[in-house]
Amino acid sequence: MMNICLFQRYKPLCLSSPGLSKGVANGGMAQFQEMMRQQLESSMHAELEKLLDTSTGAEREVSKKDFEGFKNIFHRFLQVKGPSVEWIKIQRPPEDSIQPYDKIAARGLPDNVADSLNKLVVVKLNGGLGTSMGCKGPKSLISVRNENTFLDLTVQQIEHLNKTYNTDVPLVLMNSFNTDEDTKKILQKYTHHRVKIHTFNQSRYPRINKESLLPVSTNLSMTGQNSEGWYPPGHGDIYASFHNSGLLDQLIAQGKEYIFVSNIDNLGATVDLHILHHLVSQPNGKRCEFVMEVTDKTRADVKGGTLIQYEGKLRLLEIAQVPKAHVDEFKSVSKFKIFNTNNLWISLAAIKRLQEQKAIDMEIIVNPKTLDGGQNVVQLETAVGAAIKSFDNALGINVPRSRFLPVKTTSDLLLVMSNLYSLDAGSLTMSPKREFPTTPHVKLGSSFTKVQEYLTRFESIPDMLELDHLTVSGDVTFGKNVSLKGTVIIIANHGDRIDIPAGSMLENKIVSGNLRILDH
């Protein structure tokens, strides 16, 4: 038996065949690889048909559409012969392809802001669960500020726009099969708000066995062993699923021209009237079809995707595409100074055109997973920003850091719940009482990971207006009205517990055990 390697994007995928020697001898290695690819594709198509035969009616039709997309990504996955970028071809983007936000804002706003807003649709990526923060159900339903959830804040922001300018900006939620049911139940509470809410679902793709490259599910159901057999294929799926849902055509028919897309857990991603005006005021021939908001990299963002010029096009470069020898260079803040916030402004007409031409090209992200039973599987995913190279007149806008305020952990949650931010009409803004515009670095230990446990450890959220750095590790609780300033490090060793008394003021302190052991 001999081995042959089909190259995935990042590592060789080795397949074995007892008749390989004969195949190679008769037709050459390349021909044999192509034969193996065709065989794998044929086997996959047969398995997908078997899966479709396990259901009828609407579920079968939806899955059939989803599988068309999956066949396409699987075909491309088998074709890939090496890294998606040649490092030597990477160039810095031309000066005018990434514009400073101040330059865009300096143009001011027109008298008819409402006309621009009526061409806009806000889309929130709502496919994720709150499991990483110890919560069941959609992440968008976690309370983040004054009992308001991510979804509440989003609805308040858009309603405020619609009331202020007498407009009709709708909200569209891209759900996944993980979040759709729970989200739809909660939407009833917004019936009397001045914002129309639409939803559509991401595709549902089959996880594939890492060895056989065939689906692990035996039928289309989501129950029992099959529940682990499916996944939503990353937010790059927005283009196909939005188009397939019929909602894209519906919104175009209503005169909508642009979508503003962002992650629902990015509390900085509010509608920016200056960027919107820049888009709708361009002459027709020069219309910008895609804007990516980027912001300056800090050491905390070294893994974030960046914009490059590649083969004459603006392109998103993710760390997963970088050859190992160049990873340190990619992380360098001096060479790659900006990263993608995943706040994107995209032309609806362009999405329709490119979808119909099947011309949206996104790199495949190969995501290996291990299921509960120990089985190794692969998920094939794409990222929404990777499509930038398919659109005409694409542009990066270097926005203030305040437009990137993601809440991924309870450390992030502590920041947005604190007096560092004030809340107005669903939007969080840095308190004017904070002398420095940068956010403090907060690192809470494993005792704080789950939201419920985190909440029990704070009788009230500390005053953090003058905080630079906070590290907390071990069994630590905070009383009411605690104030934290400068650099504060609190470490409870195993078996110890530290209770910070109500009314305490910790400024440049290291606390360990029950003793404050070092003042700075």
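Because the structure is a prediction, the values reported are computed rather than measured. (Residues numbered from 1 in each chain as written. Predicted model: local features only at pLDDT ≥ 70, side-chain atom pairs only at ≥ 80, totals over all residues. Heavy atoms only, no water.)

Enquirer: I tried to follow the sheet that holds strand 10 (residues 208–209) on my own but got confused; where do I start?
Expert: Adjacent strands of a sheet pair through backbone hydrogen bonds, lying either parallel or antiparallel. Across the sheet, which stays open at both edges, the 3 strands sit in the order 10-18-17 with antiparallel pairing between neighbours. Sheet topology places strand 10 and strand 17 (365–370) at the edges, where each strand pairs with a single neighbour. Relative to strand 18 (residues 376–381), strand 17 runs antiparallel, the two being bridged by 6 bridges. In the sheet register, Val 366 faces strand 18, and the bridge partner there is Leu 380. Across the sheet, helix 3 (residues 57–79) touches strand 10, strand 17 and strand 18, and the angle it forms with strand 18 is around 105 degrees. (Pairing = 2+ DSSP bridges. Helix = DSSP H or I, 4+ residues; strand = E, 2+ residues; numbered from the N terminus. Contact = heavy atoms within 4.5 Å. Axes fitted to C-alpha atoms, helices over the stretch in contact; angles between N-to-C directions.)

Enquirer: Help me understand helix 6 (residues 150–165) in this model?
Expert: An α-helical turn contains 3.6 residues, so any two residues separated by three or four positions project in the same direction. When the terminal C-alpha atoms of helix 6 are compared, their 23 Å separation across 16 residues agrees well with the 22 Å that a helix rising 1.5 Å per residue should span. Here helix 6 has its buried residues at Phe 150, Leu 151, Asp 152, Leu 153, Thr 154, Val 155, Gln 157, Ile 158, Glu 159, Leu 161 and Asn 162. Phi for Asn 166, located one or two positions after helix 6, is positive at around 55 degrees. (Expected span 1.5 Å × (residues − 1). Buried < 20%, exposed > 50% of the residue type's maximum accessible area, 1.4 Å probe, protein only.)

Enquirer: Can you walk me through helix 12 (residues 348–356) in this structure?
Expert: The complete set of buried residues in helix 12 reads Leu 348, Ala 350, Ile 351, Leu 354 and Gln 355. For helix 12, the angular spread of the buried residues around the axis is 160 degrees, confining them to a single face. Structurally, helix 12 contributes buried residues whose contacts are with strand 4 (120–126), helix 8 (238–245), helix 9 (247–253), strand 12 (258–263) and strand 16 (338–347). For helix 12, the N-terminal cap is Ser 347; the gap from its side-chain oxygen to the backbone nitrogen of Ala 349 is 3.4 Å. One or two positions beyond helix 12, positive phi appears at Lys 358, with a value near 55 degrees. (Arc of directions from axis to C-beta. Polar contact = N/O pair within 3.5 Å; in protein donor to acceptor, adjacent residues only side chain to side chain.)

Enquirer: It is not clear to me how the UniProt feature "binding site: substrate" (unreviewed entry) in the chain should be interpreted in this structure. Could you clarify?
Expert: In this numbering, the UniProt entry assigns the feature "binding site: substrate" (unreviewed entry) to His 235. Among the secondary structure elements, His 235 is positioned in the loop between strand 11 (230–231) and helix 8. If sequence neighbours within four positions are ignored, His 235 has contacts with Leu 125, Met 174, Gln 202, Asn 263, Asn 342, Thr 382, Ala 383 and Val 384. Only 3.5 Å separates the side chain of His 235 from the side chain of Asn 342, close enough to count as a polar contact. (UniProt positions renumbered as here; feature names shortened; annotations may be inferred.)

Enquirer: Explanation requested: the UniProt feature "binding site: UTP" (unreviewed entry) in the chain in the structure shown.
Expert: UniProt feature "binding site: UTP" (unreviewed entry): in the numbering of this structure it lies at Lys 139, Gln 202, Gly 234, Asp 265 and Lys 408. Residue placement: Gln 202 occurs in the loop between strand 8 (197–201) and strand 9 (205–206). Beyond its immediate stretch of four places on either side in the chain, Gln 202 contacts Gly 127, Met 174, Asn 175, Ser 176, Pro 232, Pro 233, Gly 234, His 235, Asp 237 and Ser 241. Along the chain, Asp 265 turns up in the loop between strand 12 and helix 10 (273–280). Judged by its relative accessible area of 7%, Asp 265 is buried. Those residues in contact with Asp 265 that lie beyond four places of it in its chain are Lys 139, Phe 150, Leu 405, Pro 406, Val 407 and Lys 408. A polar contact of 2.8 Å, which involves the side chain of Asp 265, links it to the side chain of Lys 139.

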